[in-house]
Protein chains: 2
Amino acid sequence: MGHTFPGATVPFGSVQLSPETDTISYELNGKYNGDVYKYCAGYRYEDKTITGFSHTHFSGTGHSDLGDFLVMPTTGKLKLNPGTASNPESGYRSRFSHSDETSEAGYYKVKLQDYNILAELTATTRVGVHRYTFPKTDQAHIILDLMAGIYNYNNKNVWTYVRVNDDRTLTGYRQTNGWARTRTVYFAMKFSKPFKSYGQKNYDGKRVYNGFWRKFDQSKNFPEIAGKQIRMYFDFNTQENEAIEVQLAISPVSQANAMENLEKEAGNLSFDQIKTKAQENWNKELNKIVTKGTEDQKVNFYTAMYHTFINPTIYMDANGEYKGLDQNTHQAQGFTNYTTFSLWDTYRALHPYFNIIQPKRNADMVKSMMAHYEQSSLKMLPIWSHYANENWCMSGYHSVSVIADAIIKGNYTGDAKAALMACVATANKRNYEGIGDYIDKGYIPAEKNGTSVSNTLEYAYDDWAIAQLAKHLGETEIYNQFIKRSENWRNNFDKTTGFMRPRMADGNFKKEFDLLSTHGQGFIEGNSWNYSFFVPHNPDGLIQQMGGKQKFASKLDQLFSMHLPDEFFADTEDITREGIIGGYVHGNEPAHHVAYFYNWAGQPWKTQKQVRHILEMQYKSTPDGLGGNDDTGQMSAWYILSSLGFYPVAPGSEDYAIGSPAIKNAVLALENGKNFEIEAIDQSPGNVYVKKILLNGKEIKNFTLKHSDIMNGGKIVFYMSNKPKK
Amino acid sequence: MGHTFPGATVPFGSVQLSPETDTISYELNGKYNGDVYKYCAGYRYEDKTITGFSHTHFSGTGHSDLGDFLVMPTTGKLKLNPGTASNPESGYRSRFSHSDETSEAGYYKVKLQDYNILAELTATTRVGVHRYTFPKTDQAHIILDLMAGIYNYNNKNVWTYVRVNDDRTLTGYRQTNGWARTRTVYFAMKFSKPFKSYGQKNYDGKRVYNGFWRKFDQSKNFPEIAGKQIRMYFDFNTQENEAIEVQLAISPVSQANAMENLEKEAGNLSFDQIKTKAQENWNKELNKIVTKGTEDQKVNFYTAMYHTFINPTIYMDANGEYKGLDQNTHQAQGFTNYTTFSLWDTYRALHPYFNIIQPKRNADMVKSMMAHYEQSSLKMLPIWSHYANENWCMSGYHSVSVIADAIIKGNYTGDAKAALMACVATANKRNYEGIGDYIDKGYIPAEKNGTSVSNTLEYAYDDWAIAQLAKHLGETEIYNQFIKRSENWRNNFDKTTGFMRPRMADGNFKKEFDLLSTHGQGFIEGNSWNYSFFVPHNPDGLIQQMGGKQKFASKLDQLFSMHLPDEFFADTEDITREGIIGGYVHGNEPAHHVAYFYNWAGQPWKTQKQVRHILEMQYKSTPDGLGGNDDTGQMSAWYILSSLGFYPVAPGSEDYAIGSPAIKNAVLALENGKNFEIEAIDQSPGNVYVKKILLNGKEIKNFTLKHSDIMNGGKIVFYMSNKPKK
């Protein structure tokens, strides 16, 4: 359920060129043919066939979309239908074997057994590059399936346009109404060799103006194509082992920009040249952290790091143009525009991690979020946005956390006051998800909102982040207003049970209530057991409410050791059974900071133990190595930071809680030119406890590392032990 | 069946803002509710209700499309459905009476009886301007129906996007798949007064991502709207006789351009100011010909002239950007881009007329056609194009005639050689409509093409036009090739019957054949009787084939006097019974030059008589005054030129055949600063015969006027009589 993809991309690239194993849910009869959720990333390891290689993929999401421009090479009799997994011969798909498959950063290779074609993929930022090595045949085909896509709802295609410019190039666009409500991706496609013929089939099933078809046979060699459901093919003669290369560039703005992207980034470069560049690019980015450890640790570490550098993606043409939320074309002024903000997930660790290791990109991400705000006629910062759309997914308004964290940590070069005002405007959108009631009553009445408790708790944290930003900017009035709001978590805390609990409009707590259940209880992706610890900005306040450090620690112990019965597990979303430790659900995000709470309870050794336990349990270098969706890098960012020995419990604060490093040694090559080194003396799988911590020779006793401690460069040394230091 | 519209437009304006009386064929049950063909222009005089006012209309076509952005003011309980003509209360439509209706150039007014609202319309080039005078009510509504449109096929809407920017303005776009296969119109809309609330209803009937609807009530006051079938409303309180003005600008390129068009052209101008400008604009254009005659003659003349200045329309934003056939945005360099080229109709008289009275615009139209050619990946000049689409309607490749005529007459300022090469490329497109066979065999085999004879005859004329252009440019080789092709009409001439007749691949004429029938006979919009005279470029050759002048003249007599039985009338397209004189079908175009052929047969008095007869019979200043579709001005251009006394029998030649002027006096104010005056001495309804013609005092005896005779300025005097001068 990791929902990552094995194909080729460059760091934060617009193109994610990756195999699909069964995403084409739009069969000829208009019915789904598979479980759409499973195919969020297009690829399932257990599948036996590949339907083709498409150019856009989310990494680790729990909703599906994208899957644009599926390309598939075949030989023999032309088949334009993908066929079915159970009967691959019924269509253009091919069987494949993992033994014929290689996946590297920026490169993917597989043998398509049914056609004896070697398929290789690589990419630039905006261009997917294919190399298909054919057998000798006068019936070689390359299919461009414009119907194919990764869906959550049926009938996603809205419109397609294609224009064949000459016998090697075509341009066009594809418009969808999927998870993103209104999304258009333009493309330009270039073959290394002229096709001998080409054609299309339109599956619209709609009566069209027939004058059109009377004048030409438009099914073959007719260069101006439009319709809702179109598949195209291109025919070649090939010699034994002849390779045909395909470059397909995408653009959010226009066909002309797509062609310009193609020429600028790929142009006359060969597949091998582009692959080399892509891998150099990855090495450069991944070398920002150099670790020492076992091979398995390094595979795990760099796999996680790789996954943190995929989303958000660059959403801007080589010439700086991008499509805004207002569906207008904009020119990015002084920043790179990014999209795919899964903020409910990523505000926790991914963006704080970027503030250390990718501060320039993170500042641009904030600028992209501000552009979204300015283009929003609602005047709201993004909630879950991608491809010039707001998907309104999940709770909270966590943009404010990302913005506060970036500004407080000194990374943002834009107008900080304007950013604060955008945060305030978003937090005051009274008709959004109970905010009006939240402002008036201090909580959201359970009868008015299905996720009333999650929302109240997350708003309270977000409000604290706004308060911190206001304080940082000297805006006392805003600080006072929002620091007060940040205490609203108390209104959902039921002292009689010691848990967060939905509250009714009349002020009473909801009567029917189950601590283990999620749905219908006022929560999302977490039950009360997990959400009751969601006060990342005021652990001491929460501890006090829960009856003091001892009781609090016992409650944490209980969380990590309890058994969640199957009936309630089914309630958790997007994770496997392995994504759970006791009642602690690491596969979802709400409790990601919770293991670090032992530090506040006076039992840091339990943080150390649990963090190492989670690192070991939840991240494995196997096809099913993740306990839940990677969530566009949040899960992996948790891994990286926790492996390095610290974690941002409350982004917006400069403090990191110290856990237990899992690596032996790591050097962070910071963008400011300084290095920060982490060393774990006596590191071993058994030595999970921290005996002593020296920062530049000076002991840290409060298990807190400051952001400036890292950014100033230097060295932190952990002395590891197999005994807890109580 | 004139298919003209009564609403407001400026000369060649992008916006044609006009009432619809029943065009909304997409009822809630997805069925048509009317005869789509009848509603090509949106308005039927016999209808009793108005559904609203939309911004784009063809003038006089026989296919339907457009009808974008229908706006309707109402009062009382909100109704978002248009309702039905038989039960107007069932929806937002209103009854109206012609006694409450005024239509002027650039202005339209009607009382909406059901709501006691006075609706007035005017326009700029790119902005439709509405003024609605309401009664006192706190339930005033202005509906924006984005589902409404003029269709030929069902389900035209592809996508809609709307963004409410503030309480007075919105922008968005509407994308359709109608007659134009892929068409997007962007808009910006501005109210003179803030609306108090607004909302939308989405009729997609499609399951959408529900996270979206959970977060907000999107039916009301939610500013970011997208879907396939959307209707919006805006609410106001009004005082008695309070007027609300609405400006709605369109753009082929973007919302931003639409807003810019609105600000540049309408901005803070009042309805009255814009109306005054629109009417000044019309007076300026219509004053290019100043006539003397009876009031009825003048009404007829300027109505016709008005109809010649509607299509083609400007298809370009105020900033010079337009959407090309390649669906890319282009910047017009040194010309105004036009669209809506109904060339099979308009090459005959409308464009030649423009070469006299609108040469600058006609040159830009040729440039627009060349831009289309350059953007076409087929490399073909337009056939029937509108809104960045090629509709492939009707026979021939008559762009070449328009281009040759403009260049030969010295109006084109672009690259003439490139234009010639575009003509040659188009004429050599072997896989288009039988051209390959036409080139190889000299005719199109009847079994291969449903309109084989029309095509062969029209290609032959077009080839002659290409030859004339080649000759003009000194391209002897091209001249030789195409002048030879121009004689291909002979290959469909059946000497045994003396008529044009379909011919089979084996060279034999088709056995089953009926001179009176159209369909299945190899013709389109004309039977063999009409098409047998379609050799406009070589009347003498045709006369010879038909057995000499006497026989030829008798055949013409027979055409004008025969009776076309009802069974064959049903075969003719797009015309009323009144559109026929004997067997001569003036309501369609193929015989438009035929009355002038008597000049070649040595019986010019019959040309004079027939032309005056047609002018009288076929053009009346009544609601049903046209005998057939006005065909984007071709019918009206025939009227203007014939009324002035001459007609371009073969565009591409500098010669006009002289007929019989219907006006007493006309002064043509030419763009070169010169005037050309036409005077008809002793003009009267009975004096249809021409006794003598003096051009600048010198007698014309060959019934031929040269283009240069007109453009050099001067005066032609016709001496009229009631007796034919045999």
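Residues numbered from 1 in each chain as written. Chains lettered and ligands numbered in written order. Predicted model: local features only at pLDDT ≥ 70, side-chain atom pairs only at ≥ 80, totals over all residues. Heavy atoms only, no water.

Chemist: I'd love a proper account of the relation of the copies chain B and chain A, names of residues and values included.
Modeler: Mapping chain B onto chain A is achieved by rotating through 180° and translating by 0.0 Å along the same axis, at an RMSD of 0.0 Å. When the rotation and shift are considered jointly, the pair of chain copies conforms to a two-fold rotation axis. If distances are taken from each C-alpha of chain B to the rotation axis, the shortest is found for B:Val158, at 3.3 Å. Taken as a fraction of all interface residues of chain B, those also at the interface in chain A reach 100%, which identifies the copy contact as same-surface. (Least-squares fit on C-alpha atoms with pLDDT ≥ 70 in both. Contact = heavy atoms within 4.5 Å.)

Chemist: I'd like to hear about the sheet that holds strand β32 (residues 675-681) of chain B, residue by residue, with values.
Modeler: Note: strands within a sheet are paired through backbone hydrogen bonds, in either parallel or antiparallel orientation. Residue and element names in this part refer to chain B. Strand order in the open sheet formed by 6 strands is β18-β31-β32-β36-β33-β34, with mixed pairing between adjacent strands. The outermost strands of the open sheet, each flanked by one partner alone, are β18 (289-292) and β34 (698-699). Across 4 bridges, β18 lies against strand β31 (residues 665-669) in antiparallel orientation. Residue pairing in the sheet places Ile289 in a bridge with Leu668 of β31. (Pairing = 2+ DSSP bridges. Helix = DSSP H or I, 4+ residues; strand = E, 2+ residues; numbered from the N terminus.)

Chemist: Break down the interface of chain B and chain A for me, with residues and values.
Modeler: One frequently used descriptor of interface size is the decrease in accessible area upon assembly of the parts. On the side of chain A, 51 residues touch chain B, which itself brings 51 residues to the contact. With both sides pooled, the region where chain B packs onto chain A buries about 4,900 Å², and carbon together with sulfur makes up 51% of that total. Our count for the contact surface shared by chain B and chain A stands at 0 salt bridges. Linking chain B with chain A are 19 residue pairs in polar contact (both at pLDDT 80 or more). Of all the secondary-structure elements, those providing two or more residues to the side of chain B that touches chain A are β11 (157-164), β12 (169-176), α1 (211-215), β15 (224-227) and α2 (255-265) of chain B. A per-element tally of the side of chain B that touches chain A places β11(B) first, with 5 residues. Per-class residue counts for the side of chain B that touches chain A are 23 nonpolar, 18 polar and 10 charged. (Buried area = accessible area lost by both parts, 1.4 Å probe. Salt bridge = Lys/Arg side-chain N within 4 Å of Asp/Glu carboxyl O. Polar contact = N/O pair within 3.5 Å; in protein donor to acceptor, adjacent residues only side chain to side chain. Nonpolar A, V, L, I, M, F, W, Y, C, P; charged D, E, K, R; others polar.)

Chemist: How would you sum up helix α7 (residues 359-375) of chain B? Please name residues and give values.
Modeler: Given a rise of 1.5 Å per residue, 17 residues ought to cover 24 Å, and the 24 Å separating the end C-alpha atoms of α7(B) matches this to within 8%. Counting buried positions along α7(B) yields 15 of 17 residues, so the element is predominantly enclosed. (Expected span 1.5 Å × (residues − 1). Buried < 20%, exposed > 50% of the residue type's maximum accessible area, 1.4 Å probe, protein only.)

Chemist: Can you tell me about the pattern of salt bridges, naming the residues and giving the values?
Modeler: According to the stated counting rule, one finds 62 salt bridges over all chains in the structure shown. Note that A:Arg126 is salt-bridged to A:Glu265, the shortest N-O span being 2.6 Å. Residue A:Arg126 is found in the loop between β8 (117-123) and β9 (127-134), and its partner A:Glu265 is found in helix α2 (residues 255-265); the two are separated by 139 residues along the sequence. For the pair A:Arg126 and A:Glu265, one class covers both residues: buried. Two residues, B:Asp65 and B:Arg183, come together in a salt bridge whose shortest N-O distance is 4.0 Å. Placement of B:Asp65 in the loop between β3 (52-54) and β4 (70-75) and of B:Arg183 in strand β13 (residues 183-191) is noted, with a sequence separation of 118 residues between them. We classify B:Asp65 as buried; its relative accessible area is 0%. One salt-bridge network, held together by shared partners, links A:Asp65, A:Asp68, A:Lys156, A:Arg174 and A:Arg183.

Chemist: So what's going on with the environment of B:Cys40? Which residues, and what values?
Modeler: Residues and elements named next belong to chain B. Its place among the elements puts Cys40 in the loop between β1 (18-20) and β2 (49-50). What makes Cys40 buried here is its relative accessible area of 1%. Along the backbone, Cys40 and Ala371 are 331 residues apart, and their C-alpha atoms lie at a distance of 27 Å. Not counting chain neighbours up to four residues away, the residues in contact with Cys40 comprise His3, Thr61, Gly62, His63, Ser64 and Ile150.

Chemist: Pulling in residues and values, what's your account of the domain arrangement of chain A?
Modeler: All names here are of chain A. Domain annotation of chain A identifies domain 1 (8-152 + 191-202 + 229-249 + 264-281) and domain 2 (288-721). Summarising the inter-unit geometry, the C-alpha centres of domain 1 and domain 2 are found 36 Å apart. If you look at the interface, domain 1 gives 22 residues, while domain 2 gives 31 residues. The three residues of domain 1 that bury the most area against domain 2 are Phe12, Ser59 and Arg126, which together make up 37% of that side's buried surface. One can count 0 salt bridges joining domain 1 with domain 2. Remark: the boundary between domain 1 and domain 2 carries 10 residue pairs in polar contact (both at pLDDT 80 or more). Here the residues of the side of domain 1 that touches domain 2 sort into 8 nonpolar, 11 polar and 3 charged. (Domains from an automatic or database assignment.)

Chemist: Explain the confidence of the model for chain A to me, using residue names and the numbers behind them.
Modeler: All names here are of chain A. Per-residue pLDDT for chain A has a mean of 94; in total, 96% of the residues score no lower than 70. The model gives residues 26-30 a pLDDT under 50, and that stretch makes 15 contacts with residues more than four places away or in other chains. Predicted complex, confidence summary: ipTM 0.94, pTM 0.95. (pLDDT = per-residue confidence, 0-100.)

Chemist: Could you give an account of the pairing of β32(B), with specific residues and numbers?
Modeler: All names here are of chain B. Burial along β32 is one-sided: Phe676, Ile678 and Ala680 are buried, and none of Asn675, Glu677, Glu679 and Ile681, which face the opposite way, are. Pairing of β31 with β32 involves 5 bridges; the strand directions are antiparallel. Paired with Ala669 across the bridge in β32 is Asn675. Counted between consecutive antiparallel strands, the loop separating β31 from β32 contains 5 residues, among which Gly673 sits at a positive phi close to 95°. Pairing geometry for β32 and strand β36 (residues 714-721), over 6 bridges, is parallel.

Chemist: Residues and numbers for the packing of helix α17 (residues 604-618) of chain B against helix α18 (residues 634-644) of chain B, please.
Modeler: All names here are of chain B. Running from N to C, α17 and α18 point in directions that differ by 135°, and their axes come no closer than 10 Å. One element, α17, and the other, α18, form an angle in the oblique class. Crossing of α17 against α18: the hand is left-handed. Residue-level inspection shows Val611, Ile614 and Leu615 of α17 in contact with α18, the latter providing Trp638, Tyr639, Ser642 and Ser643. (Axes fitted to C-alpha atoms, helices over the stretch in contact; angles between N-to-C directions. Parallel < 35°, antiparallel > 145°, perpendicular 65-115°, else oblique. Left-handed = near helix turned anticlockwise from the far one by under 90°.)

Chemist: So what's going on with the packing of aromatic side chains? Which residues, and what values?
Modeler: Residues and elements named next belong to chain B. Applying the stated criterion across every chain, the model contains 98 aromatic pairs over all chains. For the ring pair Phe309 and Tyr353, a centre distance of 6.1 Å and an interplane angle of 25° mean the geometry is stacked. Within this pair, whereas Phe309 is found in the loop between α4 (295-308) and β19 (313-314), its partner Tyr353 is found in helix α6 (residues 350-357), the two being separated by 44 residues in sequence. Using a relative accessible area of 0% as the deciding quantity, one classes Phe309 as buried. The class for Tyr353 is buried, based on a relative accessible area of 1%. (Phe/Tyr/Trp six-rings, centres within 6.5 Å; stacked < 30°, edge-to-face > 60°.)

Chemist: Account for the sheet that holds strand β15 (residues 224-227) of chain A, with residues named and values stated.
Modeler: All names here are of chain A. What the 9 strands build is an open sheet, ordered β6-β7-β8-β9-β17-β13-β12-β11-β15; its pairing is antiparallel. For this open sheet the edge positions go to β6 (101-104) and β15, each flanked by a neighbour on one side alone. Between one strand axis and the next, the sheet turns through 15° on average, direction left out of account. As defined by bridge partners, strand β11 (residues 157-164) adjoins strand β12 (residues 169-176) across 7 bridges and the pair is classed as antiparallel. Along β12, the bridge assignment pairs Tyr161 with Tyr173. Most of the contacts of helix α3 (residues 271-286) go to β8, to which it runs at about 45°, and overall it touches β6, β7 (107-112), β8, β9 and β17 (242-251).

Chemist: Now, about the side chain of B:Ser454: what can you tell me, with residues and values included?
Modeler: Residue and element names in this part refer to chain B. Following the sequence through the fold, Ser454 ends up in helix α11 (residues 452-472). What makes Ser454 buried here is its relative accessible area of 0%. With residues up to four places along the chain from it excluded, the contact list for Ser454 reads Ser395, Gly522, Phe523, Ile524 and Tyr531.

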